[in-house]
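Spelled out, the chains give:
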Amino acid sequence: MTHACLARSAGLAAGEIHVWNARIDHDDHRATADSLRMLDHGEQARAAQFSSERDRARFIQTHGMLRQVLAGYCDADCASLTFASNCHGKPFLASPANGHDLQFSLAHSGSRCLLALRREQAIGVDLEQLRELPRALEIARSRFTAAESAALAALRGTRRRDAFFVLWVHKEAMVKALGIDLAHGLGRIEFELDAPAEPRLRAYGQGSSIAQSWSVLRLDPAPGYTAALASPPPIGPVILQDWEVGQRGQRISPSLRL
């Protein structure tokens, strides 16, 4: 990773979604130092608060990548970008003016990071590294709906573990897209787990109309990880791009998995 920004005026057509898939190298001190110089004073202060050097490097590199990618779409300098957030902490671009319609969502887990972008329409992305989680069912019973918890309880071993993480990323992607509080939203957004690998959006609170208003797509960004993307339809092509090489990925139908 270098201090230079992406090539200017990266294309993003109406309805199209770009997902940048990055590998974070916590031991690459040069990449961390280069990224740190792009961050504003607030971001640098947040980075300094991490007690773990690994978490600090991940925050810095992730937000450096965010600035470089957004700068390419906005035709602006990385350091000139300013951000604001809504009352629940959902970030958005406050400047430059030509980026006002650019919606984005950022997620990271383990050594990977995803950044999803779309024009005009809200978007949310979440990412989780698959790992052993003995308390998965306990967490589901306290954070998920009763129907979701019951569906997970019917599974065993790695099937339950994988279904838990797949469900989690689908729910959190929706929370991010809606711009609501995570603690409040996880228990109100409900998915059906008829096929645990492909949860289907069912309801928000007592209403089922959300299923017609939003699309949630599963992504497989790398071995050992699962992710999901949420945005209102209609969704055009979803293009996965590798940050490490800047190579445009496969153009797919929204009904297909990456």
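Above: the structure in question.
Conventions adopted
Residues numbered from 1 in each chain as written. Predicted model: local features only at pLDDT ≥ 70, side-chain atom pairs only at ≥ 80, totals over all residues. Heavy atoms only, no water. Helix = DSSP H or I, 4+ residues; strand = E, 2+ residues; numbered from the N terminus. Buried < 20%, exposed > 50% of the residue type's maximum accessible area, 1.4 Å probe, protein only. Contact = heavy atoms within 4.5 Å. Areas by Shrake-Rupley, 256 points an atom, 1.4 Å probe, with all protein chains shown as cover. Pairing = 2+ DSSP bridges. 1 Å grid on protein atoms, 1.4 Å probe; cavity = no way out; pocket = protein on both sides within 12 Å on 5 of 7 lines; lining within 4 Å. Points joined across faces, edges and corners; volume = space filled by probe spheres on them. Nonpolar A, V, L, I, M, F, W, Y, C, P; charged D, E, K, R; others polar. Phe/Tyr/Trp six-rings, centres within 6.5 Å; stacked < 30°, edge-to-face > 60°. Lys NZ or Arg CZ within 6 Å of the ring centre and 35° of its normal.

Caption draft 1: Representation of the overall build of the protein in the model. Within the protein one finds 8 helices and 12 strands. Counting across all 258 residues of the protein, residues that qualify as buried make up 48%. Considering only intrachain contacts with a sequence separation of at least 6, the fraction spanning at least 24 residues in the protein is 58%. Just so you have it, the protein exposes about 12,000 Å², and 49% of that area is on carbon and sulfur atoms.

Caption draft 2: Representation of the pairing of strand β9 (residues 215–219) within the structure. Of all 5 residues in β9, 4 are buried; the element is thus mostly enclosed. The pairing of β9 with strand β10 (residues 225–231) spans 5 bridges and is classified as antiparallel. Following the sheet pairing, Leu 217 is matched in β10 by Leu 229. What sits between β9 and β10 in their antiparallel hairpin is a turn of 5 residues, with Gly 224 showing a positive phi close to 85°.

Caption draft 3: Spatial organisation of the layout of surface pockets. Each pocket or cavity is described by its volume, and for the largest pocket that value is around 760 Å³. Lining the largest pocket are 31 residues, and of these Arg 46, His 63, Gly 89, Pro 91 and Leu 106 sit closest to its centre. The set of elements that each furnish at least two residues to the lining of the largest pocket consists of α2 (41–48), α3 (53–74), β2 (82–85), β4 (102–109), β6 (124–129) and α6 (157–178). Here the residues of the lining of the largest pocket are counted per class, giving 12 nonpolar, 8 polar and 11 charged.

Caption draft 4: Spotlight on unusual backbone geometry. A cis geometry characterises the amide bond from Ser 95 onward to Pro 96, with omega recorded as 10°. Phi is positive for Glu 120, close to 70°, though the residue is something other than glycine. Note on placement: Glu 120 falls in the loop between β5 (112–119) and β6.

Caption draft 5: Quick look at the packing of aromatic side chains. Scanning all chains against the criterion turns up 7 aromatic pairs. Judged by centre distance (6.0 Å) and plane angle (75°), the ring pair of Phe 83 and Phe 104 falls under edge-to-face. Residue Phe 83 is located in strand β2, and its partner Phe 104 is located in strand β4; the two are separated by 21 residues in the primary sequence. Taken together, the aromatic side chains of Phe 144, Phe 164, Phe 165 and Trp 168 make up a single cluster linked through ring pairs. Sitting over the ring of Tyr 204, Arg 188 keeps its end group 5.0 Å from the ring centre.

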